[in-house]
Amino acid sequence: MKAEKTVAPSILSADFACLGRQVAELEDAGAEILHIDVMDGHFVPNISVGPLVVKALRRHSKMFFDVHLMIEQPECYVEDFVLAGADLITVHWESTKHIHRLVQQVVAAGCQVGVALNPGTPFEVLDCVARDLDMVLIMSVNPGFGGQAFIVDALAKIAQAARWRVEMGARYRVEVDGGINLDTAPLAAQAGADIVVAGAAVFGGAQPAEAWQLLQLAVDS
Ligand code: DX5
Ligand code: ZN
């Protein structure tokens, strides 16, 4: 992953009938991280994609696959997603009783690891695992659906994550997910986000690649 601030398109809002083409267009435009939302209808009310789709995209893309698991019993599926081609797997702190064990499981499977926090979960829960993480994902919507409004309180949590990284001597990147658009992307970047995820703002219009480029310009400036 590159060091600058990056916009990661989320395929949740893509046209799944031509997913490969849309992903290729974003890669050609310069996107380096692809955010893949996995939902099981239990941890969140929606159902999306599984390892089969990750594997299918892997054959056609060199992008960094940032797989966001919004599922119950994530420990049962880690290896499947690694085999399918995930570069980083983010698990929700709220989805397991054993976050430390789960983080170690992802690392042992040979994958980078992130932990996501719902809007109702304070940053402090990461105290004992933060130094082991490659990514901290701050949810700026309640997970489950694209196109929701950005929860402004997330900005303080993003800043806290960036501050704690220095204080704790951790190395994780700070990612924000949900409600990102041309107005909120610069706010999240200024607060300390390294990666901003955008679904509807990229795929909601007729020109996803151009929409991604505009968002990338907004976080660069
Ligand atoms: C929400 C997902 C997000 C979603 C963001 O639960 O984790 O990645 O795709 O969509 P937008 O950018 O439309 O809020
Ligand atoms: Zn996501």
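Now for a description of the structure that goes with this document. (Residues numbered from 1 in each chain as written. Chains lettered and ligands numbered in written order. Predicted model: local features only at pLDDT ≥ 70, side-chain atom pairs only at ≥ 80, totals over all residues. Heavy atoms only, no water.)

## Structural notes on the overall build of the protein chain
Then comes step 1: Tallying secondary structure elements over the protein chain gives eight helices and eight strands in all.
Then comes step 2: Compactness check: the protein chain gives a C-alpha radius of gyration of 16 Å against a globular reference of 17 Å for 221 residues, within 12% of the reference.
Then comes step 3: Overall, the protein chain is about 45 × 35 × 30 Å in size when its C-alpha atoms are taken along their principal axes.
Then comes step 4: Among the 221 residues that make up the protein chain, the fraction classed as buried is 54%.
Then comes step 5: Within the protein chain, contacts between residues at least 6 apart in sequence are counted, and of these 65% link residues at least 24 apart.
Then comes step 6: Carbon and sulfur atoms make up 54% of the accessible area of the protein chain, which amounts to about 9600 Å² in all. (Helix = DSSP H or I, 4+ residues; strand = E, 2+ residues; numbered from the N terminus. Rg over C-alpha atoms; globule rule 2.2 N^0.38 Å. Buried < 20%, exposed > 50% of the residue type's maximum accessible area, 1.4 Å probe, protein only. Contact = heavy atoms within 4.5 Å. Areas by Shrake-Rupley, 256 points an atom, 1.4 Å probe, with all protein chains shown as cover.)

## A closer look at a nonpolar patch on the surface
Then comes step 1: Where nonpolar side chains cluster on the molecular surface, the patch consists of L182, L214 and L217 and spans about 300 Å² of accessible area.
Then comes step 2: With relative accessibility at 54%, the residue L217 sits in the exposed group. (Patch = residues over 30% accessible without salt bridge, like charges linked within 9 Å, V, L, I, M, F, W, Y side chains within 5 Å. Salt bridge = Lys/Arg side-chain N within 4 Å of Asp/Glu carboxyl O.)

## Here we look at the coordination of the zinc ion (ligand 2)
Then comes step 1: Donor atoms from the polypeptide that coordinate the zinc ion (ligand 2) comprise H35 (NE2), D37 (OD), H68 (ND1) and D177 (OD), at 2.0 to 2.3 Å from the metal.
Then comes step 2: In this structure, the zinc ion (ligand 2) is coordinated by six donor atoms arranged in octahedral fashion, with angles at the metal of 70 to 170°.
Then comes step 3: For H68, a relative accessible area of 0% puts it in the buried group. (Donors = N, O, S within 2.8 Å, 3.2 Å for Na, K, Ca; no water. Tetrahedral: all angles 85-135°; square planar, octahedral: opposite > 155°, others 65-115°.)

## Description of the sheet that holds strand β3 (residues 64-70)
Then comes step 1: A sheet is described by the order of its strands in space; here eight strands give the open sequence β1-β8-β7-β6-β5-β4-β3-β2, paired in parallel fashion. Each edge of the sheet is formed by a strand with only one pairing partner; in this case those strands are β1 (6-9) and β2 (33-39). Direction aside, the axes of adjacent strands within the sheet are offset by 25° on average.
Then comes step 2: Where β2 lies against β3, seven bridges are found, and the strand directions are parallel. (Pairing = 2+ DSSP bridges. Axes fitted to C-alpha atoms, helices over the stretch in contact; angles between N-to-C directions.)

## Describing the layout of surface pockets
To find leftover empty space, one rolls a probe the size of a water molecule over the atoms.
Then comes step 1: Quantified by volume, the largest pocket comes out at close to 290 Å³.
Then comes step 2: For the lining of the largest pocket, a count of residues per class yields 14 nonpolar, ten polar and two charged. (1 Å grid on protein atoms, 1.4 Å probe; cavity = no way out; pocket = protein on both sides within 12 Å on 5 of 7 lines; lining within 4 Å. Points joined across faces, edges and corners; volume = space filled by probe spheres on them. Nonpolar A, V, L, I, M, F, W, Y, C, P; charged D, E, K, R; others polar.)

## Some details on the pattern of salt bridges
Then comes step 1: Taken as a whole and judged by the stated rule, the model has four salt bridges.
Then comes step 2: R21 is paired through a salt bridge with E25; the nearest N and O atoms lie 3.1 Å apart. Of this pair, R21 and E25 both sit in helix α1 (residues 19-29), four residues apart, which is roughly one turn of the helix.
Then comes step 3: A relative accessible area of 32% places E25 in the partly exposed class.
Then comes step 4: Linking D134 and R171 is a salt bridge whose minimum nitrogen-to-oxygen distance equals 2.4 Å. Residue D134 is found in the loop between β5 (112-117) and β6 (135-139), and its partner R171 is found in the loop between α5 (154-168) and β7 (173-177); the two are separated by 37 residues along the sequence.
Then comes step 5: According to the relative accessible area criterion, D134 is buried, its value standing at 16%.
Then comes step 6: The class of R171 is partly exposed, set by a relative accessible area of 48%.

## Thoughts on the site of ligand 1
Then comes step 1: Neighbouring residues of ligand 1: 20 residues in total, closest S10, D37, G144, G147 and D177.
Then comes step 2: Take H35: an N or O atom from its side chain is 3.4 Å from an oxygen atom of ligand 1.
Then comes step 3: A distance of 2.9 Å separates an oxygen atom of ligand 1 from a polar atom in the backbone of A200.
Then comes step 4: Contact with the protein chains covers 99% of the free accessible surface of ligand 1, which is 380 Å². (Near = heavy atom within 4 Å. Polar contact = N/O pair within 3.5 Å; in protein donor to acceptor, adjacent residues only side chain to side chain.)

## Quick notes on the pairing of strand β4 (residues 88-92)
Then comes step 1: Of all five residues that make up β4, five are buried, and the element is covered over most of its length.
Then comes step 2: Along β4, one buried face is formed by L88, T90 and H92 and the opposite face, lined by I89 and V91, is buried too.
Then comes step 3: Bridge analysis of β3 against β4 gives four bridges, and the strand direction is parallel. Residue pairing across strands places D66 opposite L88, the latter belonging to β4.
Then comes step 4: Regarding topology, helix α3 (residues 78-84) serves as the crossover connection from β3 to the parallel β4, and that connection is right-handed.
Then comes step 5: Following the chain from β4 across helix α4 (residues 99-108) to the adjacent parallel β5, one finds a crossover that is right-handed. (Right-handed = clockwise from strand over helix to strand, strands pointing away.)

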